[in-house]
Amino acid sequence: MTFSLRLPDMPSQGALCVVLLSSLSSCTSVPLHQGTSLGSYADMTASGGSLTKAKLRVDPASVLTARTVHIAPTSAQIGNSGTFDPKNLALVTNAIDRALCTGLSDRFQVVARDQPADLVVHATVTDIVPTNRTAAATSAVASLGTSVALAVPIPRIPIGLGGLSVEAEAVGQDGSQKAAMLWSRGANMLTTKARISTVGDAYSLSSAFGADFSRMLVKGRDPFKGTPTIPSMQKIKASLGGGPKYDACKAFGSSPGITGAVAGQLGLPPGWSDKGAAASQ
């Protein structure tokens, strides 16, 4: 008599993807944190996407007629600032500036602070939920082995996920507010790579804020409505570590590019690949 042993059927890649996508709901909930840096918080409407919370206001006529913009360096007004190393906090604020500069370059000419500008943009970090370094390290190590074996992304451990809250406005030459946004987002198990740093998730999410706010000014409308657009060539070049479209953006340094992407996959801290703002800023 011959016996055969049948191993249980492995789940198909499609079924596994469904499981992974369902983990998107497992993310840090970061409430909108209103600070004190905006000229006005009036008449803002609720918006946002599946992962992002936002309130915003935009004057389409004023924004769409503007041609030049200056980006004032992002500041931080958070109650737990002592939790973070100043150098790491500076990497987060500078990453926001870099993302704003790249995004706004799609339509605006970005100018230095000693040049006249139709709009002045300034963002303020109002809250950072720290990333648990131990949980991030465990997730990074687990992901390196299992993702290669299964050829699919492996969710992070749903413990100690970080988050980011930012507010920003664009002010015209007359000193009045032309656009404003309150924005918050938490890391999730699937799409936010674990970095072994207390600001790891805040750093990763900073580019998302920069993209959302700059898209609002480029389009003159709610950036969470409408269909996604293909990234411009200048955005692709900048994301790969190439030089920015305008000299004024050089103040925020270059994107870590491929080196940064590799560092993110390995779970390395942002400072390992991001050199931050230019020394002359």
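Note that the structure is a prediction, hence the values are computed from the model and not measured.

Chemist: Help me understand the overall build of the chain in this model?
Modeler: When helices and strands are tallied, the chain shows seven helices and seven strands. Along the chain, helices and strands appear, N-terminal first, in the series α-β-β-α-β-α-β-β-α-β-β-α-α-α. Counting only residues that meet the buried cut, the chain has 43% of its 281 residues in that class. Long-range contacts, defined as pairs at least 24 residues apart, comprise 80% of the intrachain contacts of the chain with a sequence gap of at least 6. Accessible surface for the chain amounts to roughly 14,000 Å². Of this, 59% is attributable to carbon and sulfur atoms.

Chemist: Would you mind showing me how to read the sheet that holds strand 6 (residues 163-172) here?
Modeler: Sheet strands pair by backbone hydrogen bonding; their relative direction is either parallel or antiparallel. One open sheet holds the seven strands; their spatial order is 1-2-7-6-5-3-4, and the pairing between them is mixed. Either end of the sheet is taken by a strand with one partner, and the two such strands are strand 1 (45-48) and strand 4 (109-110). Here strand 5 (residues 119-129) runs beside strand 6; their pairing, made up of 10 bridges, is antiparallel. If you follow I128 over to strand 6, its bridge partner there is L164. The strands touched by helix 3 (residues 86-104) within the sheet are strand 3 (68-76), strand 4, strand 5 and strand 6, with strand 3 carrying the most contacts at an inclination of about 165°. Seen against the sheet, helix 5 (residues 200-219) touches strand 2 (52-58), strand 5, strand 6 and strand 7 (177-186) and runs at an angle of roughly 150° to strand 7.

Chemist: Quick question: what am I supposed to make of the nonpolar core here?
Modeler: Most often, soluble globular proteins have nonpolar side chains that are buried together. Counting 44 residues, the largest nonpolar core has I128, L164, F209, F213 and L217 as its most contacted members. With nine residues, the single largest contributor to this core is helix 5. In this view, I128 contacts I78, N80, F84, L89, V92, G163, L164 and A202; residues no more than four positions away in its chain are not counted.

Chemist: In this structure, what is going on with the side chain of S197? I would like to understand it.
Modeler: Relative to the elements of secondary structure, S197 occurs in the loop between strand 7 and helix 5. The residues contacting S197, other than those within four sequence positions of it, are N88, T131, R133, P269 and P270.

Chemist: Looking at this structure, I do not really get unusual backbone geometry. What am I missing?
Modeler: Backbone geometry follows two general trends: most residues other than glycine have a negative phi, and most peptide bonds adopt the trans configuration. One non-glycine residue with positive phi stands out, namely D43, at about 60°. Here D43 shows up in the loop between helix 1 (13-22) and strand 1.

Chemist: Quick question: what am I supposed to make of the packing of aromatic side chains here?
Modeler: Think of a pair of aromatic rings as described by two things: how far the centres are apart, and how the planes are tilted against each other in angle. Tallying each qualifying case throughout the model produces two aromatic pairs. Centre to centre, the rings of W183 and F209 are 5.5 Å apart; their planes meet at 70°, and the pair counts as edge-to-face. Of this pair, W183 sits in strand 7 while F209 sits in helix 5, and the two are 26 residues apart along the sequence. What makes F209 buried here is its relative accessible area of 0%. Ring centres of F209 and F213 lie 5.9 Å apart, and the angle between their planes is 25°; on these two criteria the pair is classed as stacked. With F209 and F213 both in helix 5 and four residues apart, the pair spans about one turn of that helix. Neither F209 nor F213 differs from the other in exposure class; each is buried. Following the ring pairs from residue to residue traces out a cluster consisting of W183, F209 and F213.

Chemist: Even after reading the chapter, I still don't get helix 7 (residues 257-266), so can you show me in this structure?
Modeler: One turn of an α-helix holds 3.6 residues; hence residues three or four places apart share an orientation. Residues G257, G260, A263 and G264 constitute the buried set of helix 7. The buried side chains of helix 7 occupy one side of the element, clustering within an arc of 105° when seen end-on. Where the residues of helix 7 are buried, they touch helix 6 (233-239).

Chemist: Looking at this structure, I do not really get the pairing of strand 2. What am I missing?
Modeler: Side-chain positions along a regular strand alternate between the two faces of the sheet. Burial of the side chains of strand 2 is restricted to one face: T52, A54, L56 and V58 are buried, whereas none of K53, K55 and R57 on the reverse face is. Sheet analysis places strand 1 next to strand 2, joined by four bridges and oriented antiparallel. Across the sheet, the residue bridging to A46 is K55, located in strand 2. Linkage of strand 1 to strand 2, two consecutive antiparallel strands, is achieved through a turn of three residues.

Chemist: Is there a simple way to explain helix 3 in this structure?
Modeler: Over its 19 residues, helix 3 extends 27 Å from the first C-alpha to the last, a length consistent with the 27 Å expected when each residue adds 1.5 Å. The buried fraction of helix 3 is high, at 14 of 19 residues. Of the residues that open helix 3, the one with a side-chain oxygen 2.7 Å from the backbone nitrogen of K87 is D85.

Chemist: Before we go on, may I ask you to explain the side chain of T93 in this structure?
Modeler: By secondary structure assignment, the location of T93 is in helix 3. Owing to a relative accessible area of 11%, T93 belongs among the buried residues under this scheme. Not counting residues up to four positions away in its chain, the partners in contact with T93 are T74, S75, A76 and V125.

Procedures and definitions
Residues numbered from 1 in each chain as written. Predicted model: local features only at pLDDT ≥ 70, side-chain atom pairs only at ≥ 80, totals over all residues. Heavy atoms only, no water. Helix = DSSP H or I, 4+ residues; strand = E, 2+ residues; numbered from the N terminus. Buried < 20%, exposed > 50% of the residue type's maximum accessible area, 1.4 Å probe, protein only. Contact = heavy atoms within 4.5 Å. Areas by Shrake-Rupley, 256 points an atom, 1.4 Å probe, with all protein chains shown as cover. Pairing = 2+ DSSP bridges. Axes fitted to C-alpha atoms, helices over the stretch in contact; angles between N-to-C directions. Core = buried A, V, L, I, M, F, W, Y, C linked by side-chain atoms within 4.5 Å. Phe/Tyr/Trp six-rings, centres within 6.5 Å; stacked < 30°, edge-to-face > 60°. Arc of directions from axis to C-beta. Expected span 1.5 Å × (residues − 1). Polar contact = N/O pair within 3.5 Å; in protein donor to acceptor, adjacent residues only side chain to side chain.

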